Amino acid sequence: MSNPSSWFGIHAHDLDRAKAFYESVFGKPLQDVGGNGFRFIIFPADYTQHGTAGMIWHDSNAQPGHGGTTIFFNCPDCAETAEKAVAAGGKLLQEKFRIANGFAAFIEDTEGNRIGLHSTR
């Protein structure tokens, strides 16, 4: 059985602002790629590990914001990562709380997207 998700896309109005936010919060460089009139900001990935990779992108047919889907990012500690998000221009939506397999918190990125954080401590 394979994992149910293979890729994700986070909508953004301002790709440069979104790239700066995610690089600041997670401390990893994102790759700017594209062609044929498209531009994508790709998250780094190790495809031999658990999880999936994805991108930030602009689609004129979609709007960033709170919706029916929430992406959870792994991090060492939800509280610390949430603090970095606020310092980078995001918002804290829900402080770190216990869940069955660790801890979670919710933030809002600079584009208005609701993002989940997940940590085991």
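You'll find the structure just up there.
Before going into details, it helps to say that this report is about the structure given with it. Just so it is clear, the model here is predicted, and its values are computed rather than measured. Here the residue numbering is sequential within each chain, running from 1 through the sequence in written order. Owing to the predicted nature of the model, reporting of local features is limited to residues with pLDDT of at least 70; listing and counting of side-chain atom pairs is limited to 80 or more, with chain, interface and lining totals taken over all residues. Each side-chain value is derived from all of the structure's non-hydrogen atoms; neither hydrogens nor water enter the calculation.

### Brief notes about the packing of aromatic side chains
- In this scheme Phe, Tyr and Trp rings, the latter by its six-membered ring, pair at centre separations within 6.5 Å, and the angle between planes marks the pair as stacked below 30 degrees, edge-to-face above 60, and tilted otherwise. Applying the stated criterion across every chain yields a total of 11 aromatic pairs.
- Aromatic pair Phe72 and Phe106: ring centres 5.6 Å apart, planes at 65°, arrangement edge-to-face. One end of the pair, Phe72, is in strand 5 (residues 71-74); the other, Phe106, is in strand 7 (residues 102-108), and 34 residues separate them in sequence.
- Look at Phe106 and you get buried, because its relative accessible area is 9%.
- Counted as over-ring charges are cases with an Arg CZ or a Lys NZ within 6 Å of the ring centre that also lie within 35 degrees of the ring normal. Over the ring of Phe103 we find Lys96, and its NZ or CZ is 4.6 Å from the ring centre.
- Between the NZ or CZ atom of Arg114 and the centre of the ring of Phe106, over which it lies, the distance is 4.0 Å. Numbered from the N terminus, helices here are DSSP runs of H or I no shorter than four residues, and strands are runs of E no shorter than two. Relative accessible area decides the class of each residue, using a 1.4 Å probe on protein chains only: under 20% of the type maximum gives buried, over 50% gives exposed, and in between gives partly exposed.

### What to know about the layout of surface pockets
- When its volume is computed, the largest pocket comes out at roughly 1100 Å³.
- Listed by contribution, the elements that provide at least two residues to the lining of the largest pocket are helix 1 (15-26), strand 4 (53-57), strand 5 and helix 2 (78-87).
- Amino acids outside the nonpolar list (Ala, Val, Leu, Ile, Met, Phe, Trp, Tyr, Cys, Pro) and the charged list (Asp, Glu, Lys, Arg) are all regarded as polar, and Gly is one of them. Among the residues forming the lining of the largest pocket, the class breakdown is 17 nonpolar, 12 polar and four charged.
- Of the grid points, spaced at 1 Å and generated over the protein atoms alone, those admitting a 1.4 Å probe that cannot get out make up cavities, while open sets with protein on both sides within 12 Å along at least five of seven lines make up pockets; any residue with an atom within 4 Å of a point is treated as lining. Grid points are joined across faces, edges and corners, and a volume is the space filled by probe spheres set on the points. In this model, the second largest pocket occupies a volume close to 230 Å³.
- Sorting the residues of the lining of the second largest pocket by element identifies strand 1 (7-11) and strand 8 (114-119) as the ones contributing at least two each.

### As for the sheet that holds strand 2 (residues 31-35)
- Here, a strand pair is defined by DSSP locating no fewer than two bridges between the strands. Within the open sheet, the four strands sit side by side as 1-4-3-2. Their pairing is mixed. Of all the strands in the sheet, just strand 1 and strand 2 have a single pairing partner and so form its edges. Neighbour-to-neighbour, the strand axes of this sheet turn through a mean angle of 30°, independent of strand direction.
- Across five bridges, the pairing between strand 1 and strand 4 is parallel. Directly across from Phe8, in strand 4, lies its bridge partner Gly54.
- We call two residues contacting when some pair of their heavy atoms lies within 4.5 Å. All axes here are fitted lines through C-alpha atoms, helices being fitted over the stretch that makes contact, and every angle between N-to-C directions spans 0 to 180 degrees. Across the sheet, helix 1 touches strand 1, strand 2, strand 3 (38-42) and strand 4, and the angle it forms with strand 4 is around 140°.

### Re helix 1
- Helix span, expected: 1.5 Å multiplied by one less than the number of residues in the helix. Between the first and last C-alpha of helix 1 there are 16 Å, a value that for 12 residues agrees with the 16 Å anticipated at 1.5 Å per step.
- Among all positions in helix 1, only Leu15, Ala18, Lys19, Phe21, Tyr22, Val25 and Phe26 are buried. The arc enclosing the buried residues of helix 1, seen along the axis, measures out at 160°, which places them on a common side.
- Identification of polar contacts relies on pairs of N or O atoms within 3.5 Å, with a donor-acceptor requirement for protein atoms, meaning one able to donate a hydrogen and the other able to accept it, and with residues adjacent in sequence counted only if both atoms are side-chain atoms. A distance of 3.2 Å separates the backbone nitrogen of Asp16 from a side-chain oxygen at the start of helix 1, and that oxygen is part of Asp14.
- Positive backbone phi, at 65°, marks Gly27, one or two positions downstream of helix 1. What the arc covers is the set of directions going from the helix axis to the C-beta atoms.

### Some remarks on the sheet that holds strand 8
- Reading across from one edge, 5-8-7-6 is the order of the four strands in this open sheet, with mixed pairing throughout. At either margin of the open sheet sits one strand with a lone partner, and together these are strand 5 and strand 6 (91-99). Direction aside, the axes of adjacent strands within the sheet are offset by 25° on average.
- Of the pairings in the sheet, the one linking strand 6 to strand 7 comprises six bridges and is antiparallel in character. Note on strand 7: the bridge partner recorded for Leu92 is Ile107.
- Contacting strand 5, strand 7 and strand 8, helix 1 runs over the sheet at an angle of about 40° to strand 5.

Such coordinate-based values are descriptive only and should not be taken to indicate function.
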